[in-house]
Amino acid sequence: SSNLVLQAGEDAADAKWFAVNDRLLEEKKTTGESGLRIERLVEITLKNGSEDLQYTVKITTEVKDRTAKVSRKIVSNSGMAFDHGLIIYYGLERLRNKIEYTDIAFNLMPELFSLTELQQVYEVILNQELLKANFRRKIAHMVVETDHIKRDAGHRPSQLFRFNPLWEKDNF
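Analysis parameters
Residues numbered from 1 in each chain as written. Predicted model: local features only at pLDDT ≥ 70, side-chain atom pairs only at ≥ 80, totals over all residues. Heavy atoms only, no water. 1 Å grid on protein atoms, 1.4 Å probe; cavity = no way out; pocket = protein on both sides within 12 Å on 5 of 7 lines; lining within 4 Å. Points joined across faces, edges and corners; volume = space filled by probe spheres on them. Helix = DSSP H or I, 4+ residues; strand = E, 2+ residues; numbered from the N terminus. Nonpolar A, V, L, I, M, F, W, Y, C, P; charged D, E, K, R; others polar. Buried < 20%, exposed > 50% of the residue type's maximum accessible area, 1.4 Å probe, protein only. Contact = heavy atoms within 4.5 Å. Patch = residues over 30% accessible without salt bridge, like charges linked within 9 Å, V, L, I, M, F, W, Y side chains within 5 Å. Areas by Shrake-Rupley, 256 points an atom, 1.4 Å probe, with all protein chains shown as cover. Salt bridge = Lys/Arg side-chain N within 4 Å of Asp/Glu carboxyl O. Core = buried A, V, L, I, M, F, W, Y, C linked by side-chain atoms within 4.5 Å. Pairing = 2+ DSSP bridges. Axes fitted to C-alpha atoms, helices over the stretch in contact; angles between N-to-C directions.

Visitor: Can you tell me about the layout of surface pockets, naming the residues and giving the values?
Guide: Space inside the largest pocket adds up to approximately 1,300 Å³. Together, 34 residues line the largest pocket, and K16, W17, F18, V20 and I88 are the ones closest to its centre. Among the elements that line the lining of the largest pocket, the one with the most residues is helix 1 (residues 84-101), at five residues. Partitioned by chemical class, the residues of the lining of the largest pocket number 22 nonpolar, six polar and six charged. By volume, the second largest pocket amounts to about 220 Å³. Every residue along the wall of the second largest pocket is listed here: S114, L115, T116, K132, R136, H155, R156, P157, S158, Q159 and F161. Of all elements in the fold, only helix 2 (115-126), helix 3 (132-139) and strand 6 (158-163) reach the threshold of two or more residues within the lining of the second largest pocket. The element best represented in the lining of the second largest pocket is strand 6, accounting for three residues.

Visitor: Describe the side chain of S114, with residues and values.
Guide: In this fold, S114 is placed in the loop between helix 1 and helix 2. Classification of S114 as buried rests on a relative accessible area of 5%.

Visitor: Could you give an account of the side chain of Q119, naming the residues involved and the relevant values?
Guide: Its place among the elements puts Q119 in helix 2. Setting aside its immediate chain neighbours within four residues, Q119 contacts L130, L131, K132 and F135.

Visitor: Provide a residue-level description of a nonpolar patch on the surface, including the pertinent values.
Guide: A contiguous nonpolar surface patch, about 310 Å² in accessible area, is contributed by L4, L6 and W17. One can find L6 in the segment before strand 1 (19-32).

Visitor: Report on the nonpolar core, specifying residues and quantitative values.
Guide: Core analysis: the largest hydrophobic core is formed by 17 residues, its most contacted members being F106, F113, L118, Y122, I139 and V143. For this core, the secondary structure elements donating two or more residues are helix 2 and helix 3. If one sorts the elements of this core by residue count, helix 2 sits on top with six residues. Apart from the residues lying within four places of it in its own chain, the contact partners of F106 are F113, L118, Y122, M142, V143 and F163. If you look at the next biggest cluster of nonpolar residues, it comprises nine residues, including I44, L53, V57 and I59.

Visitor: Give me the lowdown on the pattern of salt bridges, citing residues and values where you can.
Guide: Enumeration according to the criterion identifies twelve salt bridges in this entry. The salt bridge partner of R72 is E93, with a shortest N-O separation of 2.7 Å. One end of the pair, R72, is in strand 4 (residues 67-78); the other, E93, is in helix 1, and 21 residues separate them in sequence. Looking at E93, the relative accessible area reads 16%, which means it is buried. Of the charged contacts, one joins R162 and E111 as a salt bridge, the two residues approaching to 2.7 Å between their closest N and O atoms.

Visitor: Got a sec to walk through the sheet that holds strand 1? Specific residues and values, please.
Guide: Taken together, four strands build an open sheet; the order of strands is 1-2-3-4 and the sheet is antiparallel. Strands with a single pairing partner mark the edges of an open sheet, and in this sheet they are strand 1 and strand 4. Ignoring which end each strand starts from, the neighbouring axes of this sheet average 15° apart. Of the pairings in the sheet, the one linking strand 3 (residues 51-64) to strand 4 comprises eleven bridges and is antiparallel in character. Considered in strand 4, the bridge of I59 is made with R72. The strands that helix 1 touches are strand 1, strand 2 (35-48), strand 3 and strand 4; relative to strand 4, the one it contacts most, it runs at about 135°.

Visitor: Requested: an account of unusual backbone geometry, with residues and values cited.
Guide: The residue D65 is not glycine, and still its phi comes out positive at about 50°. Mapped onto the elements, D65 comes out in the loop between strand 3 and strand 4. Positive phi outside glycine occurs at R66, with the angle close to 65°. Within the secondary structure, R66 is located in the loop between strand 3 and strand 4. The class of R66 is exposed, set by a relative accessible area of 86%.

Honestly, it's all geometry; don't read function into it.
Have a look at this one:
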């Protein structure tokens, strides 16, 4: 974020960067004549130094006749304005889904990166640890090895990679 200048719009007094964390509080599944219903309560916390904002989203998925309908609703809120919590949660859901089948994670990377750095980006977005071997196998066609090496004090040198812009063609 150090390369980005954050500026409040005309309708805002201030703009800040926040770390976003989410946590599943509860999940209920019920089956009835109308189909399957899944209700999840997810707590979202935004942190910026001493400032914490927190809210809980209820996500209801109703599956009937092979069709799923999803609704989202804020059920508790501590500091978020309007429907901004839903917008943030929806954006997080979209990012997590898109990271599975697009090159979106590479937009968050510098031109040259180590596979460990790339894996850390995936883990932060997905909010889970990934097995190193599985991750590398999954993204192997999306990266190109370079002649560059990153030397960090205390760590062995890391091979640097770049995004493979032809990766989709490699899948066929």
